[in-house]
Amino acid sequence: MTDLDPVKDLLRSLNPPQREAVTAQEKAILVFAGAGSGKTRVLTYRIAFLLLSGKVAPEEILAVTFTNKAAGEMNERVCALLGPQGQRVWISTFHSACLRILRSHIHHLGLPGDFVIYDGDDQQRLMEGLLKSAGVGLHAYPPKTILKEIERAKNRGIGPDEYHPEDFNPYQKKAAEFYPLYQEALRAAKALDFGDLLYFAHLLFQRVPQVRDYYQRRLRHILVDEYQDTNSIQHLIIKDLLGPDASLCIVGDDDQSIYRWRGAEPTNILSFERDFPMTKVIKLEQNYRSTQIILQGANAVVCRNRWRKEKSLWTANEPGDSLTLFWAEDEEEEARWVAGRIAEEGRGKYRRCAVFYRINAQSRALEEALMRWGIPYTLVGGVRFYQRKEIKDLVAYLRVMVNPDDEVSLKRILNVPPRGIGPKTVEKLHTLAHQKGCSLYQALQEASAREDLPQAVRKKGREVASLLERLRAQARDLPLNELASHIIEGTNYMEYLMAQGPEGQTRMENVKEFLGMLRGSGIEALKEFLDQVALLTDIDEYEDGVNRVSLMTLHSAKGLEFQVVFMVGLEEGLLPYYLRLDDPEEMEEERRLCYVGMTRAQERLCLSCATRRSLFGGQQRRVPSRFLRDIPKEIINQEGRRAPLVPSSWVWEEGLLSEDTHYEYD
DNA sequence: AATCGTAGTGTTTTT
DNA sequence: CACTACGATT
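Fair warning: this is a prediction, and the values are worked out from it, not measured in the lab.

## Focus: the protein's contact with DNA strand B
His95, Arg358, Gly420, Thr425 and Thr537 are the nearest of the 25 residues found near DNA strand B. Sugar plus phosphate: this is where 58% of the atoms of DNA strand B within 4 Å of the protein reside. Within the side chain of Trp261, an N or O atom sits 3.1 Å from a base oxygen of DNA strand B. Of all the secondary structure elements, the ones that give two or more residues to the surface near DNA strand B are helix 19 (423-436) and helix 26 (554-557). A per-class count over the surface near DNA strand B returns nine nonpolar, 10 polar and six charged.

Written out as structure tokens, the structure is:
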């Protein structure tokens, strides 16, 4: 029987701390939510609770999630609880939220609202151009490294004029030099990079108080998920948005912080109470997801971290089966074992199963084995769909339709497919643009009228310019898929791909798939599409509900759960990854990564490692991961061959196991 | 300007 | 192994 009071009805299914988190009235609420403790539920119920109280309107709530997919799911769940008014709650990622804010207010900063978003690839091309024209060697100063420094600065809210690192290393020196130039180039291209989306949002709030006040007045409740993975600038943005009377509820788990390398500051959550003195702290420690044994194993791994908030996750679930460990000869045997095990465990219900690995390169052996067993699978991530050359080419065309000033995109397509506009011609166009102080696109328009340019250049220029202009006119109101078809026809793109042999075949498939994904018509729909594409993540593309095994990296696995989980490659150097062994803090993050993977499992957790593995070209002898060693052996059931016990005298070839890492199985 | 071949290099995780 | 950069050739 359901209660007539919807609020009571809502709260009945929650445990006491969950209920407390949902109903708390404090201005600052910090929820430590262990893995599988129902935090998404708490967040959605809290939103529902606020709305049902009748004192809060949907527009007054902002919920920030980590991925677009999570945002979409939360939106669905809120709507399921409340009906259509749930649609009006603002649920979004940091990046999407900032994008929306900037689209309507960035003009206050003297930037146009119809900017495009540059991804890492675009950033690199842009930086490459700057370095080249400044005569800086790309080998001595890789664009990537410089960009990393700049991004680091942006993530901490440091602008181009304030960037003066104290312990200048050569890269930082170059970064300091090029940061302003880079920003200028972005501005000229009417583009913002990922970092800018956050940095400019913060800048906007700082410089233009009336915009900040508008949001502060409007937003009475802000909720943030995965707070352990926020960086400084995101923390600042939350503070900007939070008005004096608004309440902030953050949810997170320091044990699941796995994005420190990307600038996330777990201190944001750990020192939250210091930032907001009257914070109400709630701990969700009951796990509803996993068996006791899975939890015990995961805890054994993570509790060895020194830098963590003490907590005790427990479950009322069954003890469950032992963890399974398989010691393979090499990665192929490992993959065969996984496939065989899935055929058995999955019993045709493949969607129950997932395989996690540290790096994408590991997926290959698994794919081959699964294919051989006839087991359907989906690969999350890897070479991202929108990162593929052919797709990026088409996206570049579409971008130029919207924003001809986008120089990186224009340069990308100027000679794709090849139409005789090589580096020399581009150079000439560039000088022309420089002389006239106009954009490359305008220079292209004018090229045909210039007597001082060679015949060939004028002709080619005229052809491309008129093609692009024609398409641009069509972009105004044509359905997007038709527009894209016109691009393909107008450029003979398919013929170009066809000439690339068998590889071109798959590319053509991709292009066709891309065409199928285009919806709507007109320039506004196009803009919206481009925004979406820019902020898409691997996991956003992941479609659950299909009956397939899921293959993904441990990072992508965050936030998901599966009945049966396989974690492969539990070896020193792979997990923990060899590049992160020296720094103890990074080492702890590897440990958390392992913990995140393990806690995704509901019923069964199968672990594996190999004694030999060919990776990066060569074959390497491998030693089992120290994380395996931390799991009490009473809960491990070794399958197949008995594990080769690892004598402490084994020192890994590359010296990754130092002598003080006493390494012994008994 | 385009294309093909070779040599050399460096391999994470992603908004 | 896969990718790129660069150089020689068409």
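Okay, back to it.
## A closer look at the pairing of strand 17 (residues 612-615)
Burial along strand 17 is one-sided: Arg613 and Leu615 are buried, and none of Arg612 and Ser614, which face the opposite way, are. Counted between consecutive antiparallel strands, the loop separating strand 17 from strand 18 (residues 618-621) contains two residues, among which Phe616 sits at a positive phi close to 55°.

## Considering the domain arrangement of chain A
Each assigned domain of chain A is listed with its residue range as follows: domain 1 (5-102 + 199-284), domain 2 (117-189), domain 3 (293-383 + 543-654) and domain 4 (385-534). Relative to domain 2, the C-alpha centre of domain 1 lies at a distance of 33 Å. In this assembly, seven residues from domain 1 lie in contact with 10 residues from domain 2. Roughly 630 Å² is buried in total at the junction of domain 1 and domain 2, and carbon and sulfur atoms are behind 60% of that figure. Broken down residue by residue, the surface that domain 1 buries against domain 2 is led by Leu99, Tyr199 and Ile233, which jointly contribute 57%. Joining domain 1 to domain 2, the criterion identifies zero salt bridges. On the surface where domain 1 and domain 2 come into contact, there are three residue pairs in polar contact (both at pLDDT 80 or more). Listed by contribution, the elements that provide at least two residues to the side of domain 1 that touches domain 2 are helix 9 (194-207) and helix 11 (232-241). For the side of domain 1 that touches domain 2, a count of residues per class yields four nonpolar, two polar and one charged.

## A short note on the sheet that holds strand 3 (residues 90-93)
Taken together, six strands build an open sheet; the order of strands is 3-2-6-7-1-8 and the sheet is parallel. At either end of the open sheet lies a strand with only one pairing partner, and these are strand 3 and strand 8 (280-284). Between one strand and the next, the sheet's axes are offset by a mean angle of 15°, whatever the strand orientation. One ladder, built from five bridges, connects strand 1 (residues 28-33) with strand 8; its direction is parallel. If you follow Ala33 over to strand 8, its bridge partner there is Leu284. Each of strand 1, strand 2 (61-65), strand 6 (221-224), strand 7 (247-252) and strand 8 touches helix 3 (residues 39-52); the most contacted strand, strand 6, lies at about 170° to it.

## Considerations on the confidence of the model for chain A
Per-residue confidence for chain A gives a mean pLDDT of 87, with 95% of residues at or over 70. Element-level mean pLDDT values for chain A span from 78 in strand 18 up to 97 in strand 6. The model gives residues 644-666 a pLDDT under 50, and that stretch makes 45 contacts with residues more than four places away or in other chains.

## Examining the state of the cysteines
On inspection of all chains with the given rule, the structure shows zero disulfides. Here Cys303 stays free of any disulfide, with the sulfur of Cys594 as its closest cysteine sulfur at 12 Å. For Cys303, a relative accessible area of 46% translates into the label partly exposed.

## Details of helix 18 (residues 407-414)
With six of eight residues buried, helix 18 lies mostly within the body of the structure. Val408, Ser409, Leu410, Arg412, Ile413 and Leu414 are the residues of helix 18 that are buried. Of the surrounding secondary structure, the elements contacted by the buried residues of helix 18 are strand 4 (116-118), helix 6 (120-133), helix 17 (389-402), helix 19, helix 20 (440-447) and helix 21 (455-475). N-capping of helix 18 is provided by Asp406, with a side-chain oxygen placed 3.4 Å from the backbone N of Val408.

## Overview of the pattern of salt bridges
Charged atoms that come close allow side chains of opposite charge to pair. According to the stated counting rule, one finds 56 salt bridges in the structure shown. For the salt bridge of Arg125 with Asp121, the shortest nitrogen-to-oxygen distance reads 3.5 Å. Here Arg125 pairs with Asp121, and both are found in helix 6, just four residues apart, close to one helical turn. By relative accessible area, Arg125 is classed as partly exposed at 39%.

Scoring rules and cut-offs
Residues numbered from 1 in each chain as written. Chains lettered and ligands numbered in written order. Predicted model: local features only at pLDDT ≥ 70, side-chain atom pairs only at ≥ 80, totals over all residues. Heavy atoms only, no water. Near = heavy atom within 4 Å. Polar contact = N/O pair within 3.5 Å; in protein donor to acceptor, adjacent residues only side chain to side chain. Helix = DSSP H or I, 4+ residues; strand = E, 2+ residues; numbered from the N terminus. Nonpolar A, V, L, I, M, F, W, Y, C, P; charged D, E, K, R; others polar. Buried < 20%, exposed > 50% of the residue type's maximum accessible area, 1.4 Å probe, protein only. Pairing = 2+ DSSP bridges. Domains from an automatic or database assignment. Contact = heavy atoms within 4.5 Å. Buried area = accessible area lost by both parts, 1.4 Å probe. Salt bridge = Lys/Arg side-chain N within 4 Å of Asp/Glu carboxyl O. Axes fitted to C-alpha atoms, helices over the stretch in contact; angles between N-to-C directions. pLDDT = per-residue confidence, 0-100. Disulfide = S-S within 2.5 Å.

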